[in-house]
Amino acid sequence: MQRLKKLRLYIAKKLSKYMESFTMKDEGKFYTPAQISEMLAAERERCSNVCKTLITLEEERYGIGLKTSGAEARIKALAEAQRLIRNLGAAP
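The structure displayed is predicted, hence computed values, not measured ones. (Residues numbered from 1 in each chain as written. Predicted model: local features only at pLDDT ≥ 70, side-chain atom pairs only at ≥ 80, totals over all residues. Heavy atoms only, no water.)

*Asks:* Can you walk me through the overall build of the chain in this structure?
*Replies:* If you tally the helices and strands in the chain, you get 3 helices and 0 strands. Element order for the chain, N to C, with α for helix and β for strand: α-α-α. Residues counted as buried form 17% of the 92 residues belonging to the chain. Taking the intrachain contacts of the chain between residues at least 6 apart in sequence as the baseline, contacts between residues at least 24 apart amount to 55%. For the chain, the computed accessible surface area is about 7,200 Å², with 59% contributed by carbon and sulfur atoms. (Helix = DSSP H or I, 4+ residues; strand = E, 2+ residues; numbered from the N terminus. Buried < 20%, exposed > 50% of the residue type's maximum accessible area, 1.4 Å probe, protein only. Contact = heavy atoms within 4.5 Å. Areas by Shrake-Rupley, 256 points an atom, 1.4 Å probe, with all protein chains shown as cover.)

Put into structure tokens, the structure is as follows:
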């Protein structure tokens, strides 16, 4: 549980730096909060899809039954990362 809290804090810090970069002046215009939210939602979806692809590759490599504890642990970690990424935009 402690590792999960650390992961959430790490992701939140990275996202806040990411958001700051979008609020900087870019060719004479500023991004609105709605535009920033839309860009972040798209990025979360892209990251979630990467996790889903990695899960699929692990399942193909080791089989759906997952008799290998290492593969099972990786798939669970990726599934948790995917869930956390999707929920980053949700209200706490």
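*Asks:* Whenever I open this one, helix H2 (residues 33-62) confuses me. Can you help?
*Replies:* Because each turn of an α-helix spans 3.6 residues, side chains separated by three or four positions in sequence point in the same direction. Taking 1.5 Å per residue, 30 residues should reach 44 Å; H2 reaches 43 Å between its end C-alpha atoms and fits that length. For H2, the set of buried residues is Ile-36, Leu-40, Arg-44, Ser-48, Cys-51, Ile-55 and Glu-58. (Expected span 1.5 Å × (residues − 1).)

*Asks:* Mind showing me how you'd approach the pattern of salt bridges here?
*Replies:* Side chains that differ in charge, positive against negative, can pair when their charged atoms come close. Counting across every chain of the model gives 3 salt bridges. Among the salt bridges present, the one from Arg-86 reaches Glu-45, with a minimum N-O distance of 3.5 Å. Separated by 41 residues along the polypeptide, Arg-86 in helix H3 (residues 69-86) and Glu-45 in helix H2 bring together distant segments of the chain. Glu-80 serves as the salt-bridge partner of Arg-83, at 2.7 Å between the closest nitrogen and oxygen. Linking Arg-83 with Glu-80, this pair stays in helix H3, spanning 3 residues, or about one helical turn. (Salt bridge = Lys/Arg side-chain N within 4 Å of Asp/Glu carboxyl O.)

*Asks:* Explanation requested: the packing of H2 against H3 in the structure shown.
*Replies:* The packing of two helices is summarised by the inter-axis angle and the distance between the axes. Put simply, H2 and H3 touch, their axes get as near as 9 Å, and they point 165° apart. On the basis of their axis angle, the class for H2 and H3 is roughly antiparallel. Along this stretch, H2 crosses H3, giving a crossing that reads as left-handed. Residues Arg-44, Glu-45, Cys-47, Ser-48, Asn-49, Cys-51, Lys-52, Leu-54, Ile-55, Glu-58, Glu-59 and Tyr-62 of H2 touch H3, and the partners they reach there are Ala-71, Arg-74, Ile-75, Leu-78, Ala-79, Ala-81, Gln-82, Ile-85 and Arg-86. The class makeup of the residues in the contact of H2 with H3 is 11 nonpolar, 3 polar and 7 charged. (Axes fitted to C-alpha atoms, helices over the stretch in contact; angles between N-to-C directions. Parallel < 35°, antiparallel > 145°, perpendicular 65-115°, else oblique. Left-handed = near helix turned anticlockwise from the far one by under 90°. Nonpolar A, V, L, I, M, F, W, Y, C, P; charged D, E, K, R; others polar.)

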